[in-house]
Amino acid sequence: MVFRSRVLAPAMTACAALLATSPVAAQEPKGTLVFAVDSLAAQTLDPILEQRPGNAVYQAAMYDSLVGFNIERGGIGPGVAESWTIADDGLAWTFKLRAGQKWHNGDPLTAHDVKFSLERVMSPASQAAAAASLRRSIKSIEVVDDLTVRVNTNGTQIGLPASLSRAVAPEGSIMPKAYIEKVGDEEFRKKPIGSGPWKFVRNVPGDRIEFEAVDHAHWRGRPKFKNLHVLLVPEEATRVAMARTGEAGIAAITPETIEGVVKAGLEVLTVPGTTAPVFQFWGTWREGSKDSPLAKKRVRQALSLALDRKQIIQHVMAGKAAMPRPFSTFSFTDSLSVDRWKTWSEENFRYDPELAKKILAEEGYPNGFELKFANTALPGTQFMVAVGTAMVDMWTKIGIKVTVKHYEWGAFSPLVRGDQPHLTGWASMYRTVGRPDAPWRYNAAFSPDSGERLFGDKDNCGEVCTKFVELYSGVINERDPKKRTELNDAMVEHVANQWMSIPIIEGMGYYAINAKKVGQFAAIAGRHELGDVFERVPHPDQSPWKK
Amino acid sequence: MGRFIVRRLLHGLVLLFMVATVVFVLGRLTGNPVDLMLPEDATAEDRTRLIKSLGLDGPMHTQFLVFIGNALQGDLGTSIRMRQPAVDLFFSRLPNTLVIIPWAILLAMVVGIPLGVVAALNRGNMLDRGAGTIAVLGIATPNFWLGIVLIFVFSVELGWLPSGRMGGPEHYVLPVITLGTFLTAGFMRLTRSSMLDVLESEFVKLARIKGLSETVVIWKHCLRNAMIPLLTLWGVFVGNLITGAIVTETVFAWPGVGRLTYEAVIYRDFPLLQAVIILKSILILSINLLVDILYAYVDPRIRLS
């Protein structure tokens, strides 16, 4: 079985042909692309010391990932590896690398680099969030030849390629074996080399990272700008000012700023499907909660029907958000009947307060009930608090008496651990992020051994919980794409019908663009950060990329 | 004088220990950095491993004792986020902060002191009230707001100056004004009140009786004596500038220790936060000690008491 993008491969070939013949391709990179961002995270160029956001913001410019993106649709696609196959017994993945790749010092990129990189990510020195997970999944790594690497797994690991794609995680970043072994870790961190379309120039802690375009063709595309400066500007008003004055061509912004940015004459770039805030119900299966209104799924559905999502999109998100799809699914979700679920969502996430009230009355709450609601926002999506506040107003309108408690994320997060005594019987805000592989997030929310365990724990796994375990297990072990899609659909349906973790809107990433400094371009769906897009950003006088 | 210095040093050490304790405890009350570092699907095993690797697995008192023991050897820990020694990070950013502070002080002296003298000489009239209004505004205006307004006016609307970041001389103007405004107002108020005291002194009357020109009396004899209280305030204000630079450096994307403090708080980088606050405290205590010594030197009453 070969996993290969049916859309991307011909599209990339066409793009390559177009670029080779167009006047733009003949132009040498020129000028400086300046990007102002609110955080550079650890600001290190060593992939094993950085987490996902930092990797996606700036490391992605200079490093390639073993598995890459489906640029057009979002989700995973070819990267350093152009194809990957699973063994007949399901216990190994073989990655075939594209030929002709090289490091910034001119050395060829080979399967030895891939083996070295994965082992380095899994080493004790690694700070990678998924290092432990990879150690559990990967048994050994073999170099078959210079362009082929085989990863032997502990059991069937159907999601391994996705977890090595930058669409999902940073752990697939490929690092130069010979160079690191020659100069050592410390020197590598000072003078890193990668294989991406941008090479490292300078890292000024707390201020900026500078890159320069490589002087050869690259499979991700040759940069249009000669230099790339990623500036750390924590204050949003300053970032917007820099975009207005032209000191930055692109500036990261939040939904709260969009209106002002548009009035100031800047353009707004939106990145679809980067996150989906949800509200969910904790510990409804526990002894103390079984008599709670929230233990009834029709009551939970009524709370969803009471939400006017279009109003939230219009007034809280300045019109720059979308109606959601089922829990942790997006237009680019792999192995899913996305059109079916789009239709389902339009019907089921509608605003129908009358039906909501009718359901409450039928369930024995004609005068509503008291709802305890924890309002919080995860890092990077502060707008969730405003969304939660709007929801409270909407619930109040159908007679629900809401007690709201606002939590800073650092205070809320510990409540999820242990027996969740402070959350049981509560509803709260939560979030899923735009990843193409739905099962990982379903596991984190609904498996009995997960942190959230919304359907039950190991000792209290009832009918709904057991059914979920069965479906999830089927999805992650199924190797046939068609059957996997069927199982994935069944798992999504099972969860959607429980109304336990309910999507509110599909959020987006936002950037202010100075059109005098950069031309038109699009981001990759589900990929909030722009680290994999910089090389495609044109000058204002050049053809737009994906207008 | 020697006993005075030793006593001051001992006071400083006690204060430093108190600061270290408070910072250590408060930092941990705000949550666990691991919660910000792990993705939503992290397992309990992932969490345990990360906590252990960051040295956050022991009881708090054990962590504190380890922290104090290491601190006595000059090791204030490693930044959780940047994986570098916290002391190195602090000293790599300190020059960026120190490079704007002298300009802010200079601004305060050049504007604040003459304004204070003029206000004192015109006590009660329009000039005094005008200077007083400026001083109140300077003290009451939040740095954050002032910085944003300055950027809006001088960068966005007029296009005269850059919005922020370190760079050539033009990059210093707005941060120095933002940082120096409070100081200017403080210098003005203190100079005015100090001058009013001095103007009533016997030696001023004597100087006038001796026929010295009013310019010499005011700007040489009066101002020199009025400067003594300013010396004390100078130490306090420099401390305020080092700590208060958090807001200014954040607004202007200035990579100094103020911004480093902000980042340490945002990312719950305990070791870095502890190191930054302790090192800032050492700086401020050293400046205050220096000022105390100078003050004792110029004013024997302090020394003898």
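Remember, predicted model here, so these are calculated numbers, not experimental data.

Attention now moves to the overall build of chain B. A count of helices and strands for chain B gives 14 helices and zero strands. Starting at the N terminus and ending at the C terminus, chain B contains elements arranged as α-α-α-α-α-α-α-α-α-α-α-α-α-α. Counting only C-alpha atoms, chain B reaches 85 × 60 × 30 Å along its principal axes. Counting across all 305 residues of chain B, residues that qualify as buried make up 46%. Put simply, of all contacts in chain B between residues at least 6 apart along the chain, 74% involve residues at least 24 apart. For chain B, the accessible surface area stands at approximately 15000 Å², while carbon and sulfur atoms represent 69% of it. Taking the average place of the 25 positive charges on the side chains of chain B and the average place of its 20 negative ones, the gap between the two points comes to 11 Å.

Residues and elements named next belong to chain A. In terms of strand pairing, strand 7 (residues 138-145) meets strand 8 (residues 148-153) through six bridges, oriented antiparallel. Along strand 8, the bridge assignment pairs Val-143 with Val-149. Connecting the antiparallel pair strand 7 and strand 8 is a turn made up of two residues.

Now for the environment of Thr-44 of chain A. All names here are of chain A. Looking at the secondary structure, you find Thr-44 in the loop between strand 2 (32-37) and helix 3 (52-62). What makes Thr-44 buried here is its relative accessible area of 9%. The sequence separation of Thr-44 and Phe-349 amounts to 305 residues, and the corresponding C-alpha distance is 42 Å. In contact with Thr-44, not counting residues within four places along its chain, are Leu-49, Glu-50, Tyr-58 and Gln-59.

Now for the packing of aromatic side chains. All names here are of chain A. The full count for this structure, using the stated rule, is 32 aromatic pairs over all chains. Both rings, one in Trp-341 and one in Trp-344, keep their centres 5.6 Å apart while their planes meet at 65°; by these two values the pair is edge-to-face. Separated by three residues within a single helix, Trp-341 and Trp-344 lie in helix 12 (residues 338-348), roughly one turn from each other. Overall, Trp-341 belongs to the buried group, its relative accessible area being 1%.

Next up on the list: the side chain of Thr-178 of chain B. Residue and element names in this part refer to chain B. Following the sequence through the fold, Thr-178 ends up in helix 9 (residues 173-199). You can call Thr-178 buried: its relative accessible area is 0%. A polar atom in the side chain of Thr-178 sits 2.8 Å from the backbone oxygen of Leu-174. Discounting chain neighbours no more than four positions away, the residues touching Thr-178 are Asn-143, Leu-146, Gly-147, Leu-150, Thr-248 and Phe-252.

Under the definition given, this model contains 39 salt bridges over all chains. Across the pair Glu-157 of chain B and Arg-244 of chain A runs a salt bridge whose closest N-O atoms are separated by 3.7 Å. One end of the pair, Glu-157 of chain B, is in helix 8 (residues 143-157); the other, Arg-244 of chain A, is in helix 8 (residues 236-245), on a second chain. Among the residues examined, Arg-244 of chain A registers a relative accessible area of 32% and is labelled partly exposed.

Glancing now at the state of the cysteines. Residue and element names in this part refer to chain A. Scanning the entire structure with this criterion turns up one disulfide over all chains. Shown here is the disulfide that connects Cys-461 with Cys-465, its sulfur atoms set 2.0 Å apart. Measuring the twist about the S-S bond at about -95°, one finds the Cys-461-Cys-465 disulfide to be left-handed.

On to the interface of chain A and chain B. How big an interface is tends to be expressed through the accessible area that disappears when the partners come together. Residue-level contacts link 44 residues of chain A with 40 residues of chain B. When chain A packs against chain B, close to 3300 Å² is buried across both sides, 50% of that on carbon and sulfur atoms. The tally of links between chain A and chain B comes to four residue pairs in polar contact (both at pLDDT 80 or more). Counting residues per element, the ones that place at least two in the side of chain A that touches chain B are helix 5 (131-137), strand 11 (227-232), helix 8, helix 15 (409-412), strand 16 (427-433) and helix 16 (438-446) of chain A. Take the side of chain A that touches chain B: its biggest share by element is six residues, from helix 8 of chain A.

With that settled, consider the domain arrangement of chain A. Residues and elements named next belong to chain A. Per the domain assignment, the segments making up chain A are domain 1 (3-17 + 27-232 + 515-536) and domain 2 (274-507). Computed over C-alpha atoms, the centres of domain 1 and domain 2 are 33 Å apart. Listed per partner, the contact involves 18 residues of domain 1 and 15 residues of domain 2. Summed over the shared surface of domain 1 and domain 2, the number is one salt bridge. Linking Asp-334 and Arg-73 is a salt bridge whose minimum nitrogen-to-oxygen distance equals 3.6 Å. Our count for the contact surface shared by domain 1 and domain 2 stands at four residue pairs in polar contact (both at pLDDT 80 or more).

Residue and element names in this part refer to chain A. Most of strand 13 (residues 267-281) is tucked away: 12 of the 15 residues are buried. Where strand 13 and strand 18 (residues 507-513) come together, six bridges link them in antiparallel fashion. When the sheet's bridge partners are listed, Leu-269 is paired in strand 18 with Tyr-511. With seven bridges joining them, strand 13 and strand 16 adopt antiparallel strand pairing. Its bridge partner being in strand 16, Phe-279 is matched across the sheet by Met-429.

Residues and elements named next belong to chain A. Formed by 90 residues in total, the largest nonpolar core has its most connected members in Met-391, Trp-395 and Phe-412. Top contributing element to this core by residue count: helix 14 (residues 383-397), with eight residues. Residues lining this core come from more than one domain, with at least three contributed by each of domain 1 (3-17 + 27-232 + 515-536) and domain 2 (274-507). Once you skip the residues sitting within four places of it in the chain, Trp-395 turns out to touch Phe-279, Leu-303, Ala-306, Leu-307, Leu-371, Phe-373, Ile-400 and Val-402. Grouped together as the second largest cluster of nonpolar side chains are 76 residues, Leu-134, Phe-200, Phe-225 and Tyr-511 included.

Before going further, it helps to examine unusual backbone geometry. Both trends apply: most residues other than glycine have a negative phi, and most peptide bonds are in trans. The phi angle at Arg-453 of chain A is positive, at roughly 35°, despite the residue not being glycine. Looking at the secondary structure, you find Arg-453 of chain A in the loop between helix 16 and helix 17 (463-477). Of the residues examined, Arg-453 of chain A reaches a relative accessible area of 11% and is grouped as buried. Look at Arg-165 of chain B: it is not a glycine, yet its phi comes out positive at around 75°. In this structure, Arg-165 of chain B sits in the loop between helix 8 and helix 9.

All names here are of chain B. Taken domain by domain, chain B holds domain 1 (2-98 + 268-304) and domain 2 (101-238). With centres defined by C-alpha atoms, the gap from domain 1 to domain 2 works out at 33 Å. Contacts between the two partners involve nine residues from domain 1, matched on the other side by 11 residues from domain 2. Between domain 1 and domain 2, a total of about 850 Å² is buried, with carbon and sulfur atoms accounting for 75% of that surface. Among the residues domain 1 hides against domain 2, the three largest losses belong to Ile-287, Val-291 and Tyr-295. Together they make up 47% of the total. Run the count over domain 1 and domain 2 and you get two residue pairs in polar contact (both at pLDDT 80 or more). Looking at the side of domain 1 that touches domain 2, the elements that each hand over two or more residues are helix 5 (86-98) and helix 13 (270-298). With six residues, the single largest contributor to the side of domain 1 that touches domain 2 is helix 13.

Conventions and cut-offs
- Counting of residues starts from 1 at the beginning of each chain's written sequence and follows it residue by residue.
- To read the labels, note that chains go from A and ligands from 1, taken in the order they are written.
- Restriction of local features to residues with pLDDT of at least 70 applies here, the model being predicted, together with a cutoff of 80 or more for giving and counting side-chain atom pairs; totals for whole chains, interfaces and linings are based on all residues.
- The basis for the side-chain values is all heavy atoms of the structure; hydrogens and waters are excluded.
- Only runs of H or I of at least four residues qualify as helices and only runs of E of at least two qualify as strands under DSSP, and these elements are numbered from the N terminus.
- Throughout this description, buried means an accessible area under 20% of the type-specific maximum (1.4 Å probe, protein chains only), exposed means over 50%, and partly exposed covers the range between.
- Contacts between residues were defined by any pair of non-hydrogen atoms, one from each residue, lying within 4.5 Å.
- For the area figures, the Shrake-Rupley method with a 1.4 Å probe applies, and any residue is considered shielded solely by the protein chains shown.
- Lys and Arg are tallied as positive, Asp and Glu as negative. Neither His nor the chain termini are counted.
- Working definition for charges: the position is that of NZ of Lys, CZ of Arg, CG of Asp or CD of Glu.
- Strands were regarded as paired on the criterion that DSSP finds at least two bridges between them.
- Pairing of aromatic side chains requires ring centres within 6.5 Å, counting the rings of Phe and Tyr and the six-membered ring of Trp. Pairs whose planes differ by under 30 degrees are stacked, by over 60 edge-to-face, and all others tilted.
- Contacts described as polar in this section are N or O atom pairs within 3.5 Å, which, within protein, must combine one atom able to donate a hydrogen with one able to accept it, while residues neighboring in sequence count only if both atoms come from side chains.
- Note on definitions: salt bridges are taken to be side-chain nitrogens of Lys or Arg within 4 Å of carboxyl oxygens of Asp or Glu.
- What counts as a disulfide here is a pair of cysteine sulfur atoms lying within 2.5 Å.
- Each of two parts loses accessible area, computed with a 1.4 Å probe, when they are put together; buried area is these two losses added.
- Where a domain begins and ends is set by an automatic assignment or by a domain database.
- Take the buried residues of types Ala, Val, Leu, Ile, Met, Phe, Trp, Tyr and Cys, join any two whose side-chain atoms come within 4.5 Å, and each joined set is a nonpolar core.

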